[in-house]
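Listed below are the residues making up each chain.
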Amino acid sequence: MANKKVGLFFGSFNPIHVGHLIIANYMAQYTDLEEVWFVISPQNPFKDKKSLGNMYDRLEMVHLAIEGAEKLRASDIEFSLPQPSYTIDTLSYMTERFPNKEFVLIMGEDNLIGLHKWKNAEVLLRDYRILVYPRPGYDAGEWRQHPSVTLTDTPHMELSSTFIRGAIKDKKDMKFLVPDRVLEFIDKKGLYL
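Just so it is clear, the structure is predicted and the values come from calculations on it, not from any experiment.

Enquirer: Just checking my understanding: could you explain the packing of aromatic side chains for this structure?
Expert: How two aromatic rings sit relative to each other is given by the distance of their centres and the angle of their planes. Going through the model one piece at a time under the given rule, you end up with nine aromatic pairs. Aromatic side chains F13 and F38 sit 5.2 Å apart centroid to centroid with 80 degrees between the ring planes, which places their arrangement in the edge-to-face category. Of the two residues, F13 sits in the loop between β1 (4-11) and α1 (18-30) while F38 sits in strand β2 (residues 35-40), which places them 25 residues apart along the sequence. In terms of burial, F13 and F38 fall into one category: buried. Look at F98 and F103: their rings are 6.1 Å apart centre to centre, the planes differ by 75 degrees, and that puts the pair in the edge-to-face class. Through successive ring pairs, a cluster of aromatic residues spans F9, F13, F38 and Y133. Taking the ring centre of F176 as reference, the NZ or CZ of K175 above it sits at 5.4 Å.

Next comes the structure, spelled out in structure tokens:
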């Protein structure tokens, strides 16, 4: 039997919003992926740790956001790995731990452009497929020709978690931008104030 194809969507999800969900659901419905896993990063090597919400709160918000979505899952696999988390290390670990799954990387065009700066980028490109969603203002350029890279027609999203956090701090209503259950959780916990 062929290995199950699983897309890994890495991120801080601080907080998760409809942009993330649209991207993940598009990948689950319009590509050959059978599932998409949100891999919540405890610490991204390119981000300031101080600005990150508690990883368990971020994980809980992902669970709340995807409840009932058949092909979407939340993964806390990086919580137990050395920090900061490097994608290649996580992929190697997951490939070993789940030998019956074929992992595919999901990333934005903005990340693809900086991929050469990533740890062991050439190994990543050699051993894994990458599905890329467009980001306004970025152009994948010569990456488009790379055999491991597939650019998708995912709807363009300009929404960012930074924008959402700022809006919550300014007491703006985030209905329709963040799932209701996630907003309730943020409100109850007093996050991002």
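Enquirer: Just checking my understanding: could you explain the sheet that holds strand β5 (residues 129-133) for this structure?
Expert: Strand pairing in a sheet relies on backbone hydrogen bonds, with the paired strands running either antiparallel or parallel. The six strands lie next to each other as β3-β2-β1-β4-β5-β6, forming an open sheet whose pairing is parallel. Only two strands of the sheet have a single partner each, and these edge strands are β3 (72-75) and β6 (149-151). The mean inter-strand angle of the sheet, taken between neighbouring strand axes irrespective of direction, is 30 degrees. Along the sheet, α1 makes contact with β1, β2, β3, β4 (101-108) and β5, crossing β2 at roughly 145 degrees. Most of the contacts of helix α2 (residues 55-66) go to β3, to which it runs at about 170 degrees, and overall it touches β2 and β3.

What counts and what doesn't
Residues numbered from 1 in each chain as written. Predicted model: local features only at pLDDT ≥ 70, side-chain atom pairs only at ≥ 80, totals over all residues. Heavy atoms only, no water. Phe/Tyr/Trp six-rings, centres within 6.5 Å; stacked < 30°, edge-to-face > 60°. Helix = DSSP H or I, 4+ residues; strand = E, 2+ residues; numbered from the N terminus. Buried < 20%, exposed > 50% of the residue type's maximum accessible area, 1.4 Å probe, protein only. Lys NZ or Arg CZ within 6 Å of the ring centre and 35° of its normal. Pairing = 2+ DSSP bridges. Axes fitted to C-alpha atoms, helices over the stretch in contact; angles between N-to-C directions. Contact = heavy atoms within 4.5 Å.

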